[in-house]
Amino acid sequence: VQLQAFGGGLVQAGGSVRLSCAASGRTFTNTAVGWFRQAPGKEREFVTSISRSGGTIRYADSVEGRFTISRDNAKNTVYLQMNSLKPEDTAVYYCALGYTAAQSIYIMQGRIEYWGQGTQVTVSS
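Presented here is an overview of the structure given in this document.

Thresholds applied
Residues numbered from 1 in each chain as written. Predicted model: local features only at pLDDT ≥ 70, side-chain atom pairs only at ≥ 80, totals over all residues. Heavy atoms only, no water. Helix = DSSP H or I, 4+ residues; strand = E, 2+ residues; numbered from the N terminus. Rg over C-alpha atoms; globule rule 2.2 N^0.38 Å. Buried < 20%, exposed > 50% of the residue type's maximum accessible area, 1.4 Å probe, protein only. Contact = heavy atoms within 4.5 Å. Polar contact = N/O pair within 3.5 Å; in protein donor to acceptor, adjacent residues only side chain to side chain. Pairing = 2+ DSSP bridges. Salt bridge = Lys/Arg side-chain N within 4 Å of Asp/Glu carboxyl O.

## Details of the overall build of the chain
So, point 1. Assigned secondary structure in the chain consists of one helix and eleven strands.
So, point 2. The order of α-helices and β-strands along the chain, N terminus first, is β-β-β-β-β-β-β-β-β-α-β-β.
So, point 3. In terms of overall size, the chain behaves like a compact globule, its C-alpha atoms giving a radius of gyration of 13 Å where 125 residues would be expected to give roughly 14 Å.
So, point 4. Along the longest, intermediate and shortest principal axes, the C-alpha atoms of the chain span 40 × 25 × 25 Å.

This is the structure:
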């Protein structure tokens, strides 16, 4: 199974970035997926998750109202639209795939079967 994340880069504070993550090698539609991030010197933290159907979405308090997760099951791809970016959003962002039939809360709890390789997002002040 491979999770390929794209879209990171350097952006000014207040700007926007859209990340995408494509899954291959495994059925994507039967599980929840999500995004985590890890800033330098800090532990990896939950950002957001979305259920199989897209009907249940969870966000960390720090990104609520600024970030939007979505998924396209036909393309085996999950997206993360990040708006109103702040310097503290600077981190490596990882997409995450849950175990079969996982719920979005399992992603939030860190119960991950596969991790993407990470993509760097740097927000300058």
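Once you've had a look at it, read on.
## Topic: the environment of Asp 89
So, point 1. Along the chain, Asp 89 turns up in the loop between strand E8 (77-82) and strand E9 (91-98).
So, point 2. For Asp 89, a relative accessible area of 1% corresponds to the buried category.
So, point 3. Spatially, the C-alpha atom of Asp 89 lies 8.7 Å from that of Arg 37, the residues being 52 residues apart in sequence.
So, point 4. Setting aside residues up to four positions removed in sequence, Asp 89 forms contacts with Arg 37, Arg 66, Phe 67, Ser 84, Val 121 and Val 123.
So, point 5. Within polar-contact distance, the side chain of Asp 89 engages the backbone nitrogen of Lys 86 at 2.8 Å.

## So, the pairing of strand E5 (residues 45-50)
For a regular strand, side-chain orientation follows a simple rule: the groups alternate between the two sheet faces.
So, point 1. Within E5, five of the six residues are buried, which leaves it mostly tucked inside the rest of the structure.
So, point 2. Here strand E4 (residues 33-38) runs beside E5; their pairing, made up of five bridges, is antiparallel. Each residue of the ladder has a partner; that of Arg 37, found in E5, is Glu 45.
So, point 3. What sits between the antiparallel neighbours E4 and E5 is a turn of six residues, in which Gly 41 has the positive phi angle 75°.
So, point 4. Pairing between E5 and strand E6 (residues 57-59): three bridges, direction antiparallel. Across the sheet, residue Thr 48 finds its bridge partner in E6, namely Tyr 59.
So, point 5. Connecting E5 to the antiparallel partner E6 that follows it, the hairpin turn spans six residues, and Gly 54 within it adopts a positive phi of roughly 90°.

## Examining the pattern of salt bridges
So, point 1. With the rule as written, the count across this model stands at three salt bridges.
So, point 2. The closest approach of N and O atoms between Asp 89 and Arg 66, which form a salt bridge, is 2.7 Å. Pair noted here: Asp 89 is in the loop between E8 and E9 and Arg 66 is in the loop between E6 and strand E7 (67-72), with a separation of 23 residues, a long-range link. Across this residue pair, the class does not change: Asp 89 and Arg 66 are buried.
So, point 3. Each of Arg 37, Glu 45, Arg 66 and Asp 89 takes part in a single network of salt bridges with overlapping partners.

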